[in-house]
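Close look at the chain arrangement
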Amino acid sequence: MISLPSAIISSPAADAAHDAAHETAARFQHGAYSVPCPECHVPAGVLCLARRNVHAARRSLYLQSPKSPGLVPLLVGRAR
């Protein structure tokens, strides 16, 4: 496995990019953000209360949900 330098050395730019990726996924309800979180009780499309983390219960609920369309590329998400 290739390790990324941002995983080893934390930088403000890497932190900002990681936060932006989570916020974008939540805004467009992609992945685990398409279902509500059973742990922190936030609705779909809202970040979990734990910073930069998706609760395991939310992720497993997303994987079990048959109505989830799956991951959609961010550029295609606006056309839906």
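What comes next concerns the included structure. (Residues numbered from 1 in each chain as written. Predicted model: local features only at pLDDT ≥ 70, side-chain atom pairs only at ≥ 80, totals over all residues. Heavy atoms only, no water.)

Describing the side chain of Arg58
So the rule is basically this: Numbering of helices and strands starts at the N terminus; helices are DSSP runs of H or I of at least 4 residues and strands are runs of E of at least 2. Partly exposed residues are those whose accessible area sits between 20% and 50% of the maximum for their type, while under 20% is buried and over 50% is exposed, using a 1.4 Å probe and protein chains only. For the purpose of charge, His is not counted, nor are the chain termini; Lys and Arg are scored as positive and Asp and Glu as negative. Just to be clear on terms, a salt bridge is a Lys or Arg side-chain nitrogen sitting within 4 Å of an Asp or Glu carboxyl oxygen. Polar contacts, as counted here, are pairs of nitrogen or oxygen atoms within 3.5 Å of one another; within protein the pair requires one atom able to donate a hydrogen and one able to accept it, and residues that are adjacent in sequence qualify only if both atoms are side-chain atoms.
Secondary-structure assignment places Arg58 in helix H3 (residues 56-64). Glu39 is the oppositely charged side chain nearest to the buried, salt-bridge-free Arg58, at an N-O distance of 10 Å. At 3.2 Å, the side chain of Arg58 forms a polar contact with the backbone oxygen of Ala32. A polar side-chain atom of Arg58 sits 2.9 Å from the main-chain carbonyl oxygen of Val35.

Let's talk about the environment of Arg59
Put simply, the rule is: Contact criterion: two residues are considered in contact whenever any of their non-hydrogen atoms come within 4.5 Å of each other.
Residue position: Arg59 is located in helix H3. Sequence spacing of Arg59 and Ser34 is 25 residues, and the spatial spacing of their C-alpha atoms is 9.8 Å. Leave out the neighbours within four places in its chain, and Arg59 touches Ala32 and Val54.

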